Amino acid sequence: MTEVPTSHAMDTSAPAQQLSILVIEPRTDTEPAPLPGALATWLSTRTRPTDIVGYLGNGRHVVIMPETSPDRASVFNARLIADAPPARLALAEYPADGATFEELYASAATRLL
């Protein structure tokens, strides 16, 4: 009879995956105020097919960028600042800022303040 493993050992020799999360919310203190949906439209046309873009409510969006180092995420941030509707943004990186989505989101969200 073949034994069924009950757990899987992690391969610690493999490099850690990189992942960055960007939290974005439109600025409401700018003139003229951004049009509703302008940020979502910008994000939908400028993210990579591997990125996950989500809307969290209250105008806040999140972009999950798999296999993206903080340096590469900073390039996206620079494009966002230069081209997108006015927005506040903050970045969190795995694993330095957290191990779960909730931890990464909380880390980035506190930087918006």
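Counting from 1, residues in each chain are numbered in the order their sequence is written. Totals for whole chains, interfaces and linings use all residues, but because this is a predicted model, local features are given only for residues with pLDDT of at least 70 and pairs of side-chain atoms are given and counted only at 80 or more. Calculation of side-chain values draws on the structure's entire complement of heavy atoms; hydrogens and water are dropped beforehand.

Student: Explain the nonpolar core here, please?
Tutor: One recurring pattern in soluble globular proteins: nonpolar side chains tend to sit buried together. Buried residues of nine kinds, namely Ala, Val, Leu, Ile, Met, Phe, Trp, Tyr and Cys, make up a nonpolar core once their side-chain atoms join them within 4.5 Å. Between buried and exposed lies partly exposed: a residue is buried under 20% and exposed over 50% of the maximum accessible area for its type, with that area taken using a 1.4 Å probe on protein chains only. In this structure, Leu22, Ile24, Leu39, Trp42, Leu43, Val63, Met65, Ala73, Phe76, Leu80, Ala84 and Leu91 together form the largest nonpolar core, which totals twelve residues. A helix here means a DSSP run of H or I that spans at least four residues, while a strand means a run of E at least two residues long, and both kinds are numbered starting from the N terminus. Contributions of two or more residues to this core are made by strand E1 (19-26), helix H1 (38-46), strand E3 (60-66) and helix H2 (70-83). Discounting chain neighbours no more than four positions away, the residues touching phenylalanine 76 are Leu22, Trp42, Leu43, Arg46, Thr47 and Met65. Of all hydrophobic cores here, the second largest spans nine residues; its members include Val23, Ala90, Ala92 and Leu112. Contact criterion: two residues are considered in contact whenever any of their non-hydrogen atoms come within 4.5 Å of each other.

Student: Even after reading the chapter, I still don't get the sheet that holds E1, so can you show me in this structure?
Tutor: When DSSP finds at least two bridges between two strands, those strands are taken to pair. The strand order across the open sheet formed by four strands is E2-E3-E1-E4, and the pairing between neighbours is antiparallel. The open sheet terminates on both sides in strands that have one partner only, identified here as strand E2 (52-57) and strand E4 (87-94). Between one strand axis and the next, the sheet turns through 20° on average, direction left out of account. Alignment of E1 against E4, held across eight bridges, turns out to be antiparallel. Between the N-to-C directions of two axes lies an angle of 0 to 180 degrees, each axis being a line fitted to C-alpha atoms and, for a helix, fitted only over the stretch in contact.

Student: Mind showing me how you'd approach the environment of glycine 59 here?
Tutor: In this fold, glycine 59 is placed in the loop between E2 and E3. In this structure glycine 59 touches Ile24, Glu25 and Pro26, once residues within four positions along its chain are discounted.

Student: Mind showing me how you'd approach unusual backbone geometry here?
Tutor: Of note, the bond from tyrosine 94 into proline 95 is cis; its omega dihedral lies within 30 degrees of zero at 0°. With respect to the helices and strands, proline 95 occurs in the loop between E4 and helix H3 (101-112). Although it is not a glycine, asparagine 58 sits at a positive phi angle of roughly 55°. Counting through the fold element by element, asparagine 58 comes out in the loop between E2 and E3. You can call asparagine 58 exposed: its relative accessible area is 83%. Located in the positive-phi region is glutamate 67, a residue other than glycine, with phi close to 55°. Its place among the elements puts glutamate 67 in the loop between E3 and H2.

Student: I would appreciate a short explanation of the confidence of the model for the protein chain in the present structure.
Tutor: Reading predicted coordinates in detail is not appropriate for stretches of low pLDDT. Every residue carries a pLDDT, the predictor's confidence in it, which falls somewhere between 0 and 100. For the protein chain, mean pLDDT is 80; residues scoring 70 or higher make up 79% of the total. Looking at the elements of the protein chain, mean pLDDT is at its lowest for H1, recorded as 83, and at its highest for H3, recorded as 93. Ignoring residues within four places in sequence, the model shows residues 1-12, a span with pLDDT below 50, making zero contacts including any to other chains.

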